[in-house]
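The primary structure of each chain is shown beneath.
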Amino acid sequence: MAFPQSFMDELVARSDIVDIVGSYVPLTAKGGSYWGCCPFHNEKTPSFHVLPDRQMYHCFGCKKGGSVINFIMEEENLSFPEAVRFLAKRAGMEVPEEEGDREAGRRRQRLLDLNRDAARFYYQLLQQPEGQAVQAYLDKRQIRKSTAVKFGMGASLDEWDVLLNAMTQKGYTKAELLSAGLVVQNKKGGLYDKFRNRLMLPVIDTRGDVVAFGSRVLDKSEPKYMNSSETLVYSKRRVLYGLNLAKKSKRPNIILCEGNLDIVTLHQAGFDNAVASMGTALTIEQTRLLSRFTRELVLCYDNDNAGKLATQRALDLLNGSEFSVKVLQLPRRLVDGEYVKQDADDFIKFQGADAFERLLNGSENGIEFRMAQIAGKYDLHSDEARIAYCGEVSELLASLPGAVEREIYTARAAEAAGITKDAMALEVKQAFRRRASKEKRAELRKDLNPAVSLQPRERRIHYDNMRSARAEEGVLRLLLWDDTLFSDHIPLVPERFSSPLLGRAFQRLWEVHAAGKRPMIASLGEEFTQEETEHLTAVCQEPVSLSNAAQALKDYINVINEEADKRTAQEDPLLAAVEKYKNKKRGTQYV
């Protein structure tokens, strides 16, 4: 919706960007601005820049940026109106709503209310005789009642429409139940409960809202696990089961597991720092969520091939991030003369919490895990296999950023391969040179085609005329950094801009100035998309000299008009001559 400008001005004034961003990201003050590790991508060296005087942020790594509203949109996965409401609630402000937007907010809140009431309904069923089958399953799994209460566990009955009838009696519509993913529609249009005869595990986000459900069947039928589908209030990429509890842990790290019941067992055993992804591999959105609460992660996936693959993928995702990453490998368990896989739940039950604590304390870091995985692929008693091992492990070691780290693990690799440290070091050095050469060639290709790096990342807003667009960027940059350059009359119409985006931003800044406000990135409203705002923020982050700003602005405007005349000439030579004469007169009037 188009919120009143007076409301938006007050909201931004009350929502200081340093305070808001600082509640998600540790920031360090440097020379009037603030720096930190970007919450939107993995990095160890801070490239995330917050400028309090301009009330904007920009990451020089991933290029994300914008105002405090854009930050909340990205961080909390909210639309523009939802982010405005989020900040308004934080600031204690009442939001002026239009009917359509009130309805959208109402729909979202209704789904959250429905999920909460469904969770209460499932929980109450577990306490009643009808829920005894689920309670018997919990007893079999050695899950105490206090633990079940802590996680809000419930029971769904072996019937088709128990929840459907209960929720419609509370006033929820069938359409709302469908939207929440709590009921399913058959081919004839009839509705039935999605979750039946299952242990129910409500998924609660870090704000305390029930956003979805996980479930586990009581017998050997399939599917064993069933989770909510994605809805208006739930995205599995952005949620971690148990994080609402783990965020309060006093332990120094967070343990990442695969299954919901692994988390329940670990919490019950005293490891209240465990979380699990909801039926998906670890995602960048989940790492951003985790970065609010810890800088150390322990990967504790199942010890089968799928678990090892999940560990490798997580390590790849976390490579180069601000996280310190360790891997806890669960040993296989001997059953009837055969070694079988076990998950965290199995290990706690058969070996106990103390044994898990010892494993946790002795967990290896990510590079040790990768080296062990590579070594496991080769018979290191064979010369050919040793050569192949050295070639593969040297590529891994060459990717390590620190010379000391490379030297330590090079020595271990040499010992594993049964060769001298010098020989292994030479192999790593050659791999390092190949890697550096490849990166240099990529950088050279980029330098040979600078226009590519200057284009907006979003293809739909690419520049058609680079000379004009660079001048247009210069105009915006000068106006944002020196508002004394604004005059009583707009010096050129936005249609003269070759980039529609830059022309719209130019007009918006002039409108804000005309209203007596200070033009800033925060002045850009909902009509600018997240990608557009990010690009405009990146434009404003480029170096700018204000020593002769008035002349620079005039020069930029001349370039814009020249290029506009060329475009017009291709369409109508007579009109181009008229426009050129008008622009010449404008140029003599504008200083």
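Structure: above.
Residues numbered from 1 in each chain as written. Predicted model: local features only at pLDDT ≥ 70, side-chain atom pairs only at ≥ 80, totals over all residues. Heavy atoms only, no water.

### A look at the side chain of asparagine 303
Step number 1: You can see asparagine 303 is positioned in the loop between strand S15 (296-299) and helix H13 (305-318).
Step number 2: Within the local environment of asparagine 303, its side chain forms a polar contact with the backbone nitrogen of glutamine 342, the two atoms lying 3.1 Å apart.
Step number 3: Excluding residues within four positions of it along the chain, asparagine 303 makes contact with Lys308, Leu330, Pro331, Arg332, Lys341 and Gln342. (Helix = DSSP H or I, 4+ residues; strand = E, 2+ residues; numbered from the N terminus. Polar contact = N/O pair within 3.5 Å; in protein donor to acceptor, adjacent residues only side chain to side chain. Contact = heavy atoms within 4.5 Å.)

### A few points about a negative patch on the surface
Step number 1: Residues Glu130, Asp158, Glu159, Asp161 and Asp219 make up a contiguous surface patch of negative charge.
Step number 2: Mapped onto the secondary structure, glutamate 130 falls in the loop between helix H5 (99-127) and helix H6 (132-140).
Step number 3: Among the residues examined, glutamate 130 registers a relative accessible area of 47% and is labelled partly exposed. (Patch = residues over 30% accessible without salt bridge, like charges linked within 9 Å, V, L, I, M, F, W, Y side chains within 5 Å. Areas by Shrake-Rupley, 256 points an atom, 1.4 Å probe, with all protein chains shown as cover. Salt bridge = Lys/Arg side-chain N within 4 Å of Asp/Glu carboxyl O. Lys, Arg positive; Asp, Glu negative; His and termini not counted. Charge placed at Lys NZ, Arg CZ, Asp CG, Glu CD. Buried < 20%, exposed > 50% of the residue type's maximum accessible area, 1.4 Å probe, protein only.)

### Structural notes on the environment of phenylalanine 7
Step number 1: In this structure, phenylalanine 7 sits in helix H1 (residues 5-14).
Step number 2: Note on phenylalanine 7: relative accessible area 7%, which makes it buried.
Step number 3: Once the C-alpha coordinates of phenylalanine 7 and methionine 93 are considered, the two residues, 86 residues apart in sequence, prove to be 9.1 Å apart.
Step number 4: Not counting residues up to four positions away in its chain, the partners in contact with phenylalanine 7 are Val84, Ala88, Met93, Glu94, Val95 and Pro96.

### So, the nonpolar core
In summary, soluble globular proteins display a tendency toward joint burial of nonpolar side chains.
Step number 1: Counting 64 residues, the largest nonpolar core has Tyr122, Met153, Leu182, Leu199, Phe213, Ile255 and Phe356 as its most contacted members.
Step number 2: It is H5 that provides the largest number of residues to this core, a total of nine residues.
Step number 3: Isoleucine 255 has contacts with Phe271, Asn273, Ala274, Val275, Val298, Cys300, Phe356 and Leu360, leaving out every residue within four places of it along the chain. (Core = buried A, V, L, I, M, F, W, Y, C linked by side-chain atoms within 4.5 Å.)

### Overview of the sheet that holds strand S9 (residues 198-204)
Step number 1: As summarised here, the arrangement of the four strands in space is S6-S9-S10-S11, forming an open sheet in which the pairing is antiparallel. Pairing within the sheet leaves two strands with one partner each, and these edge strands are strand S6 (154-156) and strand S11 (225-227). Recorded for the sheet is a direction-independent mean angle of 30 degrees between the axes of neighbouring strands.
Step number 2: In this sheet, S9 lies alongside S6 in antiparallel orientation, the contact comprising three bridges. Counterpart to alanine 155 in the pairing with S9 is leucine 199.
Step number 3: Here H6 sits on the sheet and contacts S6, S9 and strand S10 (210-217); the angle it forms with S9, its principal contact strand, is near 80 degrees. (Pairing = 2+ DSSP bridges. Axes fitted to C-alpha atoms, helices over the stretch in contact; angles between N-to-C directions.)

### Some points on helix H11 (residues 260-268)
Step number 1: Among the nine residues that make up H11, nine are buried, leaving the element largely enclosed by the rest of the structure.
Step number 2: Among the residues of H11, those classed as buried are Asn260, Leu261, Asp262, Ile263, Val264, Thr265, Leu266, His267 and Gln268.
Step number 3: Phi turns positive one or two residues past the end of H11, at glycine 270, with a value near 105 degrees.

### Thoughts on the pattern of salt bridges
Step number 1: Applying the stated criterion to the full structure yields 36 salt bridges.
Step number 2: With a closest N to O distance of 3.5 Å, aspartate 304 and lysine 341 form a salt bridge. Taken as a pair, aspartate 304 in the loop between S15 and H13 and lysine 341 in the loop between strand S18 (338-340) and helix H14 (344-351) lie far apart in primary sequence, 37 residues in all.
Step number 3: Residue classification places lysine 341 among the partly exposed positions, given a relative accessible area of 37%.
Step number 4: Each of Lys64, Glu74, Arg288 and Glu534 takes part in one network of salt bridges that share partners.

### Considerations on the pairing of strand S16 (residues 324-327)
Step number 1: Burial of S16 is one-sided: the residues Val325 and Val327 facing one way are buried, the residues Ser324 and Lys326 facing the other way are not.
Step number 2: Bridge count for S15 against S16 is four bridges, and the pairing is parallel. Bridge pairing in S16 links leucine 297 to valine 325.
Step number 3: Alignment of S16 against strand S19 (residues 364-365), held across two bridges, turns out to be antiparallel. Within S19, the residue paired with lysine 326 across the bridge is asparagine 365.

### Remarks on the packing of aromatic side chains
Step number 1: Evaluated as defined, the whole model comprises 19 aromatic pairs.
Step number 2: Between phenylalanine 40 and phenylalanine 71, the aromatic rings sit 5.6 Å apart at their centres with planes inclined by 55 degrees, giving tilted as the arrangement. One end of the pair, phenylalanine 40, is in the loop between strand S2 (33-36) and strand S3 (48-51); the other, phenylalanine 71, is in helix H3 (residues 68-76), with 31 residues separating them in the sequence. With respect to burial, phenylalanine 40 and phenylalanine 71 carry one shared label: buried.
Step number 3: Taking the centre distance of 6.0 Å and the plane angle of 25 degrees together, the rings of phenylalanine 151 and tyrosine 241 count as stacked. Here phenylalanine 151, found in the loop between helix H7 (145-150) and S6, pairs with tyrosine 241, found in strand S12 (residues 240-241); they are 90 residues apart in sequence, far enough to count as distant. Accessibility assignment for this pair places phenylalanine 151 and tyrosine 241 in one class, buried.
Step number 4: Ring pairs connect the aromatic residues Tyr24, Phe40, Phe48, Tyr57 and Phe71, which therefore count as one cluster.
Step number 5: Just above the ring of tyrosine 225 sits the side chain of arginine 216; from NZ or CZ to the centre is 5.6 Å. (Phe/Tyr/Trp six-rings, centres within 6.5 Å; stacked < 30°, edge-to-face > 60°. Lys NZ or Arg CZ within 6 Å of the ring centre and 35° of its normal.)

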